[in-house]
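Here is how the chains run, residue by residue.
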Amino acid sequence: MRSLLLVLALGACSGKNDTTTPDTTGTPVKARKLSISWGIRQQGEMADVYLATTDETGGQQSHSIGRYKGICSAFTPSAPMNAKTGVICANEGGSGTELHAVIRTSEIIVLQVGFEADIPADPMAREQVTSIPIPLGVAVDVAN
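All values reported here derive from a predicted model rather than from experimental measurement. (Residues numbered from 1 in each chain as written. Predicted model: local features only at pLDDT ≥ 70, side-chain atom pairs only at ≥ 80, totals over all residues. Heavy atoms only, no water.)

Some thoughts on the sheet that holds strand β3 (residues 33-43)
- If you walk across this open sheet you meet the 4 strands as β5-β4-β3-β11, and the pairing is mixed. Either end of the sheet is taken by a strand with one partner, and the two such strands are β5 (60-69) and β11 (139-142). Across the sheet, the axes of successive neighbouring strands diverge by a mean angle of 25°, strand direction being ignored.
- Judged from the 10 bridges that link them, β3 and strand β4 (residues 46-55) form a sheet pairing that is antiparallel. Looking across to β4, one finds that Trp-38 is bridged to Leu-51. (Pairing = 2+ DSSP bridges. Helix = DSSP H or I, 4+ residues; strand = E, 2+ residues; numbered from the N terminus. Axes fitted to C-alpha atoms, helices over the stretch in contact; angles between N-to-C directions.)

Encoded structure:
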């Protein structure tokens, strides 16, 4: 009995790094992932912002985030924001709105915060715009 357990334990620690994991029937299951990207439709001084999610099969969903004033573009938020990606919508005077996509275990939370020229946005001043549920165990990355 001991030798059987030892064989099973050694087999489980074989060091193989596959992108698939067998399920309980022995059938390989592909690793699940979700890529996120921003969609921006600029209309004059306003922009409609969307967050697109694409799964490992190529299935895509677009989530409307809202309409924001200013010229909007994707950017990488500063480290204190703890966000994977973001959108900045800047007005002529150097103020505007930042949107941040923060990844949690079972959801993507989109937060917004206003900013002024030459003053960093305050992470504690952010307000939740929406949340997008994601299945447990799904890896989330930012599409380029």
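As for the pattern of salt bridges
- Here the structure, examined in full by the defined rule, presents 3 salt bridges.
- A salt bridge links Glu-56 to Arg-32, with the nearest nitrogen and oxygen atoms 3.8 Å apart. Highlighted residues: Glu-56 in the loop between β4 and β5 and Arg-32 in the loop between β2 (28-30) and β3, separated in sequence by 24 residues.
- The class for Arg-32 is partly exposed, based on a relative accessible area of 41%.
- When the shortest N-O distance is used, the salt bridge between Asp-48 and Arg-67 registers 2.8 Å. (Salt bridge = Lys/Arg side-chain N within 4 Å of Asp/Glu carboxyl O. Buried < 20%, exposed > 50% of the residue type's maximum accessible area, 1.4 Å probe, protein only.)

Thoughts on the environment of Gly-39
- Position of Gly-39 among the secondary structure elements: in strand β3.
- Residues Gly-39 and His-63 lie 24 residues apart in sequence; the distance between their C-alpha atoms is 9.3 Å.
- Those residues in contact with Gly-39, other than ones at most four positions away along the chain, are Asp-48, Val-49 and Tyr-50. (Contact = heavy atoms within 4.5 Å.)

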